[in-house]
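Fold and contact review
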Amino acid sequence: MIQTGPIVIGWREWLALPGLGIAAIKAKIDTGARTSSLHVDTLAVDERDGGTWLRFSVSAGGRRHPSRVECAAPAIARRAVTDSGGHRTLRWFIRTPIVLGGASVEAEINLTDRRDMLFPMLLGRSALGDHFAVDPAVSYRCGRFSKRGFRDVP
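Before going into details, it helps to say that this report is about the structure given with it. Because the structure is predicted, anything quoted here is derived from the model rather than measured. (Residues numbered from 1 in each chain as written. Predicted model: local features only at pLDDT ≥ 70, side-chain atom pairs only at ≥ 80, totals over all residues. Heavy atoms only, no water.)

**Considerations on the overall build of the chain**
What counts here: We count a stretch as a helix when DSSP gives it H or I for four or more residues in a row; a strand needs E for two or more, and each element gets its number in order from the N terminus. Relative accessibility under 20% of the residue-type maximum defines a buried residue, over 50% an exposed one, and the middle range a partly exposed one, all with a 1.4 Å probe and only protein chains included. What makes two residues a contact is simply this: any of their non-hydrogen atoms within 4.5 Å. In short, Shrake-Rupley with a 1.4 Å probe defines the accessible areas, and a residue's cover is counted only from the protein chains shown.
Regarding its fold elements, the chain presents one helix and 14 strands. Counting over 154 residues, the chain shows a buried share of 39%. Residue pairs in contact within the chain that sit at least 24 positions apart in sequence constitute 54% of those at least 6 positions apart. For the chain, the accessible surface area stands at approximately 8,900 Å², while carbon and sulfur atoms represent 49% of it.

Below, the structure is given as structure tokens:
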């Protein structure tokens, strides 16, 4: 079947960040947030090859199957971000592919501390673009992740 129009996703989904070596990470889909955010456990900044590179670690795979992934990506910006509580912080941004519902899209993601949040990733509306439509009544429409990999939701 050929997909026409946006892919319908739920208010929370499993997605992949293949450019960072992350096969699966749980994300809250938030159309109220402009940018996407990724929880990082550690973050180091390096100047190399005439640019700024970020080295960071991400706990992915969920609470049942956590795995720490060491990542590196060039920084594309450092900008102020206002969170839902009105607090403004300066955050590093990267650009990387996101795979969700069989589609791959490039997205800007800021790196931050989300350890007190239920989801290690927040997917904001700028990443959704016209590729995805959100059904707020549905969860994991694109499948669930287990130690055996992704499986379709019945």
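**Looking at the pairing of strand E2 (residues 12-17)**
Using the following cut-off: Any two strands between which DSSP finds at least two bridges are classified as paired.
Among the six residues in E2, five count as buried, and that is most of the element. The antiparallel pairing of E2 with strand E3 (residues 22-30) creates a hairpin that spans four residues between the two strands, and Gly21 there sits at a positive phi of about 80 degrees.

**A short note on the packing of aromatic side chains**
Here is the rule: Stacked, tilted and edge-to-face are the three classes assigned to paired rings of Phe, Tyr and Trp, where Trp is represented by its six-membered ring and a pair needs centres within 6.5 Å; plane angles under 30 degrees give stacked, over 60 edge-to-face, the rest tilted. The rule for a charge over a ring is simple: NZ of Lys or CZ of Arg within 6 Å of the ring centre, and within 35 degrees of the ring normal.
Within this structure, the stated rule accounts for one aromatic pair. Between Trp11 and Phe119 the ring centres are 5.9 Å apart and the planes differ by 80 degrees, which places this aromatic pair in the edge-to-face class. You can see Trp11 sitting in the loop between strand E1 (7-10) and E2 and its partner Phe119 sitting in the loop between strand E10 (103-112) and strand E11 (121-124), a full 108 residues away along the chain. Relative accessible area serves as the criterion here: at 29%, Trp11 is assigned to the partly exposed category. Classification of Phe119 by relative accessible area gives buried; the value is 8%. One residue, Arg48, lies across the ring of Trp53, its end atom 4.2 Å from the ring centre.

**A look at the nonpolar core**
Note the cut-off: Residue types Ala, Val, Leu, Ile, Met, Phe, Trp, Tyr and Cys, when buried and joined through side-chain atoms within 4.5 Å, form a set referred to as a nonpolar core.
Within the largest apolar cluster, 32 residues are counted, with the highest numbers of intra-cluster contacts made by Leu17, Leu38, Phe56 and Met121. Per element, the largest residue contribution to this core is five residues, and it comes from E10. Beyond its immediate chain neighbours, meaning those up to four positions away, Leu17 contacts Ile22, Ile25, Leu38, Thr96, Pro97, Ile98, Ile109 and Met121.

**Thoughts on the pattern of salt bridges**
Our working rule: By definition here, a salt bridge exists when the distance from a side-chain nitrogen of Lys or Arg to a carboxyl oxygen of Asp or Glu is within 4 Å.
Evaluation of the coordinates by the stated rule reveals five salt bridges. A salt bridge links Glu108 to Arg79, with the nearest nitrogen and oxygen atoms 2.7 Å apart. Taken together, the residues Glu108 in strand E10 and Arg79 in strand E8 (residues 77-82) connect sequence positions 29 residues apart. Looking at Glu108, the relative accessible area reads 27%, which means it is partly exposed. Residues Asp113 and Arg115 are paired through a salt bridge, measuring 2.5 Å at the closest nitrogen-oxygen approach. According to the relative accessible area criterion, Asp113 is partly exposed, its value standing at 41%. When salt bridges with common partners are traced through the structure, they connect Arg79, Arg95 and Glu108 into a single cluster.

**So, the environment of Ile22**
As for its position among the elements, Ile22 is in strand E3. Classification of Ile22 by relative accessible area gives buried; the value is 2%. For Ile22 and Ser67, which are 45 residues apart along the polypeptide, the C-alpha to C-alpha distance reads 9.4 Å.

Scope: geometric values only; no functional claims are made or implied.
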